[in-house]
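Descriptive analysis of the structure
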Amino acid sequence: MSSLDTIPVTTEVATGNVEPLLHEIRHALKRLAGGEQGTTIDLKSLPLAPGEEERIEATLGTGEVRAEVDALGPTLIRETSYPGVWLITHKNADNAVVARFIEVTYIPELLRSQPEDIDAGIDRLESELRT
Amino acid sequence: MRKDQNLGEYLRSQGVSRRGFLKFCSATASLMALPPSAVAQVAEALAAARRPSVIWLSFQECTGCTESLTRSHSPTVESLIFDAISLDYHHTLQAAAGHGAEAAREAAQEENKGEYILVVDGSIPVDNPAYSTIAGISNLDMLKDSAKDCFAIVSVGTCAAFGGLPGAAPNPTGAVAVSDIITDKPIINVSGCPPIPVVITGVLAHFLTFGTIPELDALGRPTAFFGQNIHDRCYRRPFYERGEFAETFDDEGARKGWCLYKLGCKGPITYNACATVKWNQGMGFPIQAGHGCIACSEPRFWDKGGFYDALSTGDWGTREALLGAAGAGAALGVASAIRARSRKKKAMAEEEA
Ligand code: SF4
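Calculation notes
Residues numbered from 1 in each chain as written. Chains lettered and ligands numbered in written order. Predicted model: local features only at pLDDT ≥ 70, side-chain atom pairs only at ≥ 80, totals over all residues. Heavy atoms only, no water. Helix = DSSP H or I, 4+ residues; strand = E, 2+ residues; numbered from the N terminus. Rg over C-alpha atoms; globule rule 2.2 N^0.38 Å. Buried < 20%, exposed > 50% of the residue type's maximum accessible area, 1.4 Å probe, protein only. Contact = heavy atoms within 4.5 Å. Areas by Shrake-Rupley, 256 points an atom, 1.4 Å probe, with all protein chains shown as cover. Lys, Arg positive; Asp, Glu negative; His and termini not counted. Charge placed at Lys NZ, Arg CZ, Asp CG, Glu CD. Phe/Tyr/Trp six-rings, centres within 6.5 Å; stacked < 30°, edge-to-face > 60°. Buried area = accessible area lost by both parts, 1.4 Å probe. Salt bridge = Lys/Arg side-chain N within 4 Å of Asp/Glu carboxyl O. Polar contact = N/O pair within 3.5 Å; in protein donor to acceptor, adjacent residues only side chain to side chain. Pairing = 2+ DSSP bridges. Axes fitted to C-alpha atoms, helices over the stretch in contact; angles between N-to-C directions. Near = heavy atom within 4 Å. Nonpolar A, V, L, I, M, F, W, Y, C, P; charged D, E, K, R; others polar. Arc of directions from axis to C-beta. Parallel < 35°, antiparallel > 145°, perpendicular 65-115°, else oblique. Left-handed = near helix turned anticlockwise from the far one by under 90°. pLDDT = per-residue confidence, 0-100.

This brings us to the overall build of chain A. Looking only at helices and strands, one finds 3 helices and 5 strands in chain A. Of the regular secondary structure in chain A, the N- to C-terminal order runs α-β-α-β-β-β-β-α. What you see for chain A is a C-alpha radius of gyration of 19 Å, clearly larger than the 14 Å of a compact globule of 131 residues, by over 25%. Relative to its 131 residues, chain A shows a buried fraction of 38%. Nonlocal contacts in chain A, meaning residues at least 24 apart in sequence, comprise 39% of its contacts between residues at least 6 apart. When the accessible surface of chain A is split by element, carbon and sulfur atoms take 53% of a total near 7,800 Å². Across chain A, the 12 positively charged side chains and the 23 negatively charged ones have centroids separated by 4 Å.

Printed below as a string of structure tokens:
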């Protein structure tokens, strides 16, 4: 504990944005289940008080899948306890968060192998086999 | 990045996978305050983007704007955007100095005639141009020379956008904004003292992605970042609505995180993205640290009453005129950017009256 933590400051701040966001996720999930497209929510796009992002995370909980993508710094992808609701945290090479999204989808796009990367992989494998 | 390469080719040559590129696009779209649904469009445009030339001039300034940018928290995205532009002149960052550096600036202007982006931080002294010179060239002459063949100007910081601190009363150098001198080019004002670094990069990313001028408000600022005021996005707003104000910086209200209006917060009249984009790796912004907003992205914020005086007691009374002008509509493209500037002048004149 740093000495800063000993200063008795408490905040009882709530923007009132947490519940609407959770409802937005519920609606998006229903649309997905009904055969419509997925939804992405940029967590930076609405005002949240200190601690509210953590509240959203805690409410969504942790599900069965966790993945780490290593491309231009780590990206952490976690399915929440609500299947189809994913928390995506993009970090840079210095491990600082550059963007956070909630994706309501069957599988986040970033987890799929990309056609361009598959083509590059084929080239590499072929040249490997030639040598 | 080679001049004949587009950004997609450049990133592939650097070993960046499509996954990495998509991540870059997601972060860039978020940076530009675009909705996540725009990522595919951003990816397509960025992959084909060519490298624009950027010439950065620093006049009467404290280098805080450049510091803000170079200390910015997301080096991966920022440095990729910086790799993707050709920063041909920035006298604080470049190693060269003197006549050689000026010759390089002139060569870059000649080579990229009509296409380069001119970034300016700092105000321009016009009472006596000798107050600020670079390599013996007055700021006024250098600005006119570099502006004449540029595609657009980005005025970074409140000094370049509105005159800023050098222009504060009694304005000893006769400091003026870029838009007071250049009237025939689109000017994008990225105000703030300093501006939020990702807002500076966001504007460059917009050029890179779309090759156009972003939508601007009546003061020439990109609406993506300056379209809403701090107060509307402030997480302390529920306390304001309930009339729960901190009266001193260490009373019970302050400890409970109540509204800072009575301690001088200028959030209700300040347009900027601090409340959502935030500072220091997204850690917080002044109000979150317990200090009211000082309106640093607004014209002449230095001269409008004490930072710790409530808004109602300061010199902000004719703000309605400004708001009316802001509500008059946003502008797109070169012609409308120029129109926006004349609205800015009108708004500022009304405010002074
Ligand atoms: S702290 Fe400032 S911006 Fe936030 S609600 Fe109060 S007056 Fe508005």
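Before going further, it helps to examine the overall build of chain B. Within chain B, the regular secondary structure consists of 16 helices and 9 strands. Counting over 353 residues, chain B shows a buried share of 57%. For chain B, contacts bridging at least 24 residues in sequence account for 76% of all contacts bridging at least 6. Summed over all atoms, the accessible surface of chain B reaches about 13,800 Å², with 53% contributed by carbon and sulfur.

On to the packing of aromatic side chains. Residues and elements named next belong to chain B. All told, the structure shown has 11 aromatic pairs over all chains when counted by the stated rule. For the pair Phe245 and Tyr261, a centre-to-centre distance of 5.9 Å together with 40° between the ring planes defines the contact as tilted. A residue pair is termed long-range when its members are at least 10 positions apart, and Phe245 in the loop between α12 (237-242) and α13 (252-255) and Tyr261 in the loop between α13 and α14 (274-277) qualify at 16 residues. Classification of Phe245 as buried rests on a relative accessible area of 19%. Aromatic pair Phe301 and Phe307: ring centres 6.2 Å apart, planes at 15°, arrangement stacked. In this structure Phe307 comes out as partly exposed when scored by relative accessible area, which is 24%. Each member of the aromatic cluster is reached from another via a ring pair, and the members are Tyr240, Phe245 and Tyr261.

On to the interface of chain B and chain A. Each side of the interface is counted separately: chain B has 31 residues, and chain A has 42 residues. A buried area of about 2,900 Å², summed over both sides, lies between chain B and chain A, and 62% of it is on carbon and sulfur atoms. By the criterion of area lost to chain A, the three top residues of chain B are Arg19, Lys23 and Tyr235 of chain B, representing 25% of everything that side buries. Linking chain B with chain A are 1 salt bridge. Linking chain B with chain A are 13 residue pairs in polar contact (both at pLDDT 80 or more), by the criterion used here. Elements that contribute at least two residues to the side of chain B that touches chain A include exactly α2 (18-31), α5 (75-84), α12 and α14 of chain B.

Moving on, we come to the sheet that holds strand β5 (residues 97-104) of chain A. Taken together, 5 strands build an open sheet; the order of strands is β1-β5-β4-β3-β2 (chain A) and the sheet is antiparallel. Across the chains shown, the open sheet's two edge strands, defined by having one partner strand only, are β1 (39-42) and β2 (66-70) of chain A. The mean inter-strand angle of the sheet, taken between neighbouring strand axes irrespective of direction, is 20°. Relative to β5 of chain A, helix α2 (residues 52-60) of chain A is tilted by about 40°, and along the sheet it contacts β3 (74-79), β4 (85-91) and β5 of chain A. Contacts from α2 of chain B reach β1, β2, β3, β4 and β5 of chain A within the one sheet, and its direction differs from that of β5 of chain A by about 95°.

Around the ligand sit His231, Cys234, Arg236, Arg237, Tyr240, Cys259, Leu260, Tyr261, Cys265, Gly267, Pro268 and Ile287 of chain B, and that is every residue in its neighbourhood. Class assignment for the residues of the shell around the ligand results in 8 nonpolar, 2 polar and 2 charged.

An α-helical segment advances 3.6 residues per turn. Residues three or four places apart therefore align on the same side. Taken together, the buried positions of helix α7 (residues 139-147) of chain B are occupied by Asn139, Leu140, Met142, Leu143, Ser146 and Ala147 of chain B. The buried residues of α7 of chain B occupy an angular sector of 165° when the element is viewed end-on, so they sit on one face.

Another aspect to go through is the pairing of strand β7 (residues 152-156) of chain B. Within β7 of chain B, 5 of the 5 residues are buried, leaving the element largely enclosed by the surrounding structure. Alternating positions in β7 of chain B separate into two faces, Ala152, Val154 and Val156 of chain B on one and Ile153 and Ser155 of chain B on the other, with burial throughout.

So, about the pattern of salt bridges. Counted by the stated rule, this structure contains 17 salt bridges over all chains. Connected via shared salt-bridge partners are Glu53, Glu57, Arg78 and Arg100 of chain A.

All names here are of chain B. Of note, the amide linkage connecting Ala169 to Pro170 takes the cis form, showing an omega dihedral of 5°. Counting through the fold element by element, Pro170 comes out in the loop between α8 (157-162) and β8 (175-176). In this structure, the amide linkage connecting Cys193 to the following residue, Pro194, adopts the cis form with an omega of -5°. Inspection of the secondary structure puts Pro194 in the loop between β9 (187-190) and α9 (197-210). Its identity is not glycine, yet Thr63 carries a phi of approximately 70°, on the positive side. Checked against the element boundaries, Thr63 lands in the loop between β1 (53-58) and α4 (64-70).

Attention shifts here to the packing of helix α1 (residues 18-33) of chain A against α2 of chain A. All names here are of chain A. Where α1 meets α2, the closest approach of the two axes is 10 Å, and the angle between their N-to-C directions is 40°. Taken together, α1 and α2 sit at an angle that is classed as oblique. In the crossing of α1 with α2, the sense of the turn from one axis to the other is right-handed. Here α1 contributes Val18, Glu19, Leu21, Leu22 and Ile25 to the contact with α2, which in turn contributes Glu52, Arg55, Ile56, Thr59 and Leu60.

Okay, the confidence of the model for chain B next. Low pLDDT means the predicted atomic positions in that stretch should not be read closely. Per-residue confidence for chain B gives a mean pLDDT of 82; residues scoring 70 or more make up 82%. Confidence drops under a pLDDT of 50 for residues 318-344 of chain B, and excluding neighbours within four residues, the segment shows 57 contacts in the predicted structure.

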